[in-house]
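# Remarks on the overall topology
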Amino acid sequence: MQLNFITFAAQSQPLGQMIFYMSLKDTINMQKLPRHIAIIMDGNGRWAKEKGEDRLFGHLHGVESVRNIVEGCAELGIEYLTLYAFSTENWDRPAYEVTGLMELLVDTIRKEVPTLNKNNIKLHAIGDISMLPENAQKELKEAFEETSTNTGLNLIMALSYSSRWELMAAVKQIAIDVKAGSLQPEQITQDTLQQYLSTSSFPDPELMVRTSGEYRISNFLLYQLAYAELYFTNTRWPDFRKDNLYEAIIDFQNRERRFGKTGDQIREEIPIS
Ligand code: FPP
């Protein structure tokens, strides 16, 4: 574990000095946690290749990081964690990799539901779930039911997800409702659009993390990330652990979030006039 060293003179101590070891976690401001963290888990393939292994070996180890980060978020009291586990574009990967990822998904859900329940974590999914193999859909449905009454961390898996797919589906449904007369075009506001997205019941992410040194959003929550703080790290996903998460959160806490206002307005809390 990474340690920060805080040294100060303690007058009452005979040695005149005490050394306190503070973990990275201890330096997090618990009053300023992001409510929702979204993560693009990237670098499994490269991590495996660097070890002379097959890409699936990287995904397998990526699951260890998922476990560790979910646990870390639950311990901190983060309310929402969205993980980009499989994109719409990932269907175009070699068949053996897609099959391997789907098997890993089914296996992981089956094994992890008791741990989710033990930690009061509620599972959700966003994306075109109907594209997933039937056994994966069944496993997911059961996991949603079995975790539905949990009240702690909301774990949202983005599966067969892309933002452009989501926006297309939202626009299509709006058109259907307008045609049916249940929605009038003049009633459509930004809130209406938000309500048609697959994330309608979640707040927007405040922090987006991408691992493995790529500086892209890659069709992930394009609408919802409008005001998110973006954090990029070179660490490959299978090496990403709680301390890496804490570093991202501490970085987030040192940012000035302005939401279009001036820095002075934010610092002095001057109301917009
Ligand atoms: C990106 O790395 C990762 C993925 C496409 C899949 C992420 C999946 C996991 C972490 C496993 C848990 C998820 C499930 C579905 C059980 P990459 O393969 O694009 O890596 P590269 O950019 O180095 O090639």
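This text gives an overview of the structure that appears in the document. In this text the structure is predicted, and so the values were computed from the model without any measurement. (Residues numbered from 1 in each chain as written. Predicted model: local features only at pLDDT ≥ 70, side-chain atom pairs only at ≥ 80, totals over all residues. Heavy atoms only, no water.)

Mapping S212 onto the fold places it in the loop between β7 (207-210) and β8 (229-232). Setting aside residues no more than four positions away along its own chain, S212 makes contact with D42, G43, R46, T233, N234, T235 and R236. (Helix = DSSP H or I, 4+ residues; strand = E, 2+ residues; numbered from the N terminus. Contact = heavy atoms within 4.5 Å.)

Under the definition given, this model contains 19 salt bridges. Between E229 and R255 there is a salt bridge; the shortest N-O distance is 2.9 Å. Taken together, the residues span a long stretch of sequence, with E229 in strand β8 and R255 in the loop between α7 (242-253) and α8 (263-268) at a distance of 26 residues. What makes E229 buried here is its relative accessible area of 14%. (Salt bridge = Lys/Arg side-chain N within 4 Å of Asp/Glu carboxyl O. Buried < 20%, exposed > 50% of the residue type's maximum accessible area, 1.4 Å probe, protein only.)

All right, on to the sheet that holds strand β5 (residues 122-126) then. If you walk across this open sheet you meet the six strands as β5-β6-β4-β3-β7-β8, and the pairing is parallel. Sheet topology places β5 and β8 at the edges, where each strand pairs with a single neighbour. For this sheet the average axis-to-axis angle between neighbouring strands, irrespective of direction, equals 20°. With five bridges joining them, β5 and strand β6 (residues 154-161) adopt parallel strand pairing. Counted as the bridge partner of K122 is N154 from β6. Packed on one face of the sheet, helix α2 (residues 55-76) meets β3 (36-40), β4 (80-87) and β6 and runs near 160° to β4. (Pairing = 2+ DSSP bridges. Axes fitted to C-alpha atoms, helices over the stretch in contact; angles between N-to-C directions.)

Surrounding the ligand, one finds 16 residues, the nearest of these being D42, G45, R46, R55 and R93. R46 has a polar backbone atom sitting 2.7 Å from an oxygen atom of the ligand. One of the side-chain nitrogen or oxygen atoms of R93 is found 2.7 Å away from an oxygen atom of the ligand. When isolated, the ligand has an accessible area of 620 Å², and the protein chains bury 92% of it. If you list the elements that add at least two residues to the shell around the ligand, you get α1 (44-50), α2 and α3 (95-118). With four residues, α2 is the largest single contributor of residues to the shell around the ligand. (Near = heavy atom within 4 Å. Polar contact = N/O pair within 3.5 Å; in protein donor to acceptor, adjacent residues only side chain to side chain. Areas by Shrake-Rupley, 256 points an atom, 1.4 Å probe, with all protein chains shown as cover.)

So, on to the packing of aromatic side chains. Across all of its chains, the model carries eight aromatic pairs by this definition. Centroid distance Y80 to F202: 5.9 Å. Interplanar angle 55°. Geometry classified as tilted. One end of the pair, Y80, is in strand β4; the other, F202, is in the loop between α6 (190-196) and β7, and 122 residues separate them in sequence. The class for Y80 is buried, based on a relative accessible area of 12%. With 5.9 Å between their ring centres and 75° between their planes, Y84 and Y161 make a pair best called edge-to-face. Remark: Y161 occurs in strand β6 and Y84 occurs in strand β4; sequence separation between them is 77 residues. One exposure class covers both Y84 and Y161, and it is buried. One aromatic cluster is present, formed by Y84, Y161 and F220 through successive ring pairs. (Phe/Tyr/Trp six-rings, centres within 6.5 Å; stacked < 30°, edge-to-face > 60°.)

On to α2. For α2, built from 22 residues, the straight-helix expectation of 32 Å at 1.5 Å per residue is met to within 8% by its first-to-last C-alpha distance of 31 Å. Every buried residue of α2 is listed here: G58, H59, G62, V63, S65, V66, N68, I69, V70, G72, C73 and L76. Buried-residue contacts for α2 involve β3, α1, β4, α3, β6 and α7. Sitting at the head of α2, D54 places a side-chain oxygen 2.9 Å from the backbone nitrogen of L56. (Expected span 1.5 Å × (residues − 1).)

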